[in-house]
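# Structure assessment
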Amino acid sequence: MQLGADHVIVRVPATSGNVGSGFDALGLAIGVYDEVEVRLVANDEVTVEVHGEGAGELPSGDTHLVARALHQTLEIVGAPLTGLHLTCTNAIPHGRGLGSSASAAVAGIVAARALLADPHCLDSRSVLAIATDFEGHPDNAAPAIWGGATIAWQEDSGPCAVGLEVDPAITATVLIPQARFATTRARALLPAQVPHADAAFNVGRSALLVEALARRPELLLAATADRLHQDYRSVAMASSHELMEAIRAAGFAAMISGAGPTVLVLTPRESLPALDRVLIDLVDGLHPDQSGDAVHWRALRPEIDQHGAQAHRIGS
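Residues numbered from 1 in each chain as written. Predicted model: local features only at pLDDT ≥ 70, side-chain atom pairs only at ≥ 80, totals over all residues. Heavy atoms only, no water.

## Quick notes on the overall build of the protein
A count of helices and strands for the protein gives 10 helices and 11 strands. The principal-axis extent of the C-alpha atoms belonging to the protein is close to 60 × 40 × 40 Å. Out of the 316 residues in the protein, the part that is buried amounts to 53%. Of the charged side chains in the protein, 20 are positive and 36 negative, and the gap between their average positions amounts to 4 Å. (Helix = DSSP H or I, 4+ residues; strand = E, 2+ residues; numbered from the N terminus. Buried < 20%, exposed > 50% of the residue type's maximum accessible area, 1.4 Å probe, protein only. Lys, Arg positive; Asp, Glu negative; His and termini not counted. Charge placed at Lys NZ, Arg CZ, Asp CG, Glu CD.)

What follows is the structure, encoded as structure tokens:
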């Protein structure tokens, strides 16, 4: 496979996995974006500039996740490997349950596809398969690729995903604490087995969530109820769990975003003034975190992204 471009720009949204009851299956694309500019260079060097989230922390060479995903994709399709200069402008917070690693992997894969002479040789399911190799599971990669809401699952032939309709009246409020939390640590807190009644509970609520997202936003509170993951992780993110439960007690569909500790709230647009009044009262009353320090929250109200990863060739 030949290369057909030497300069591309990719934009990839943040994602929120699980969406409450849809553990390891449902995901939602959030309108907070990482942008990667890729230039091919004549030598074999890989250099990465990082601005915004992760600046000064992430690798600046070929071990950077975007670079690794890009090179692996070129290798898979038989395209020549080349030196790279990447400029990553990151807005997706790291270690907060907003899919930053999935978005980085998808950015590299989609950038590689855009560099190919025939980008159509790599369809979206192939992108999902490569991203899942990096992530281990497809629930965050799927909405980063397609946008909107998605359901992802695994077949013997590889990961699959389908898009879900999202009622345009639904809005997202994202409450991001300063503390980070590693996905590997979050998974380690989950039990190997759960009661049959809890599994049945989540099956019913995740099925209801499909209807709530598409046509019945008034059902979001009931549809996002969960017994499989959030309570088990509460000991490690007490302030996030407390905030989520308090918002739910006030009648709004709050959930831990992905592995946490960010809290996601989904509401119909007309309910936002009431939600804001609740948040003003709640955030001031939160307990300190386990270190004894006050928890500082950053609130965002992004759109639900409907387009997923986008790539553009420059000057070709």
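## What about the packing of aromatic side chains?
If you walk through the whole model with that rule in mind, you get zero aromatic pairs. The aromatic ring of tyrosine 33 is capped on one face by arginine 11, whose charged end is 3.7 Å from the ring centroid. Positioned above the aromatic ring of phenylalanine 201 is the side chain of arginine 227, whose terminal nitrogen or guanidinium carbon lies 3.9 Å from the ring centre. (Phe/Tyr/Trp six-rings, centres within 6.5 Å; stacked < 30°, edge-to-face > 60°. Lys NZ or Arg CZ within 6 Å of the ring centre and 35° of its normal.)

## A few points about the environment of glycine 315
The residue glycine 315 is located in the segment after strand E11 (310-313) in this model. Among the residues examined, glycine 315 registers a relative accessible area of 84% and is labelled exposed. Taking the C-alpha atoms as reference, glycine 315 lies 7.4 Å from histidine 7; in sequence the two are 308 residues apart.

## Regarding unusual backbone geometry
Leaving glycine out, the prevailing phi sign among residues is negative, and the prevailing peptide bond configuration is trans. Residue proline 261 is reached from glycine 260 by a cis peptide bond, and omega for that bond is 10 degrees. Although it is not a glycine, valine 19 sits at a positive phi angle of roughly 50 degrees. The residue valine 19 is located in the loop between strand E1 (7-17) and strand E2 (26-41) in this model. Look at valine 19 and you get buried, because its relative accessible area is 2%.

## Quick look at the packing of helix H1 (residues 65-77) against helix H2 (residues 100-115)
Running from N to C, H1 and H2 cross one another at 40 degrees; their axes reach a closest spacing of 7 Å. One element, H1, and the other, H2, form an angle in the oblique class. Relative to H2, H1 is oriented so that their crossing is right-handed. On the side of H1, the interface is formed by Leu65, Val66, Ala69, Leu70, Thr73 and Leu74, while H2 contributes Ser101, Ala104, Ala105, Gly108, Ile109, Ala111, Ala112 and Leu115. Looking at the contact of H1 with H2 residue by residue, the class counts come to 11 nonpolar, three polar and no charged. (Axes fitted to C-alpha atoms, helices over the stretch in contact; angles between N-to-C directions. Parallel < 35°, antiparallel > 145°, perpendicular 65-115°, else oblique. Left-handed = near helix turned anticlockwise from the far one by under 90°. Contact = heavy atoms within 4.5 Å. Nonpolar A, V, L, I, M, F, W, Y, C, P; charged D, E, K, R; others polar.)

## Some details on the pairing of E2
As judged from the 11 bridges shared by E1 and E2, these two strands associate in the antiparallel manner. Opposite valine 8, over in E2, you have valine 38 as the bridge partner. As paired elements, E2 and strand E5 (residues 149-155) share three bridges and run antiparallel to each other. Residue leucine 26 lies in a different strand from E5, and its bridge partner there is isoleucine 151. One ladder, built from seven bridges, connects E2 with strand E4 (residues 83-90); its direction is antiparallel. The residue of E4 that forms the bridge with leucine 40 is leucine 84. (Pairing = 2+ DSSP bridges.)

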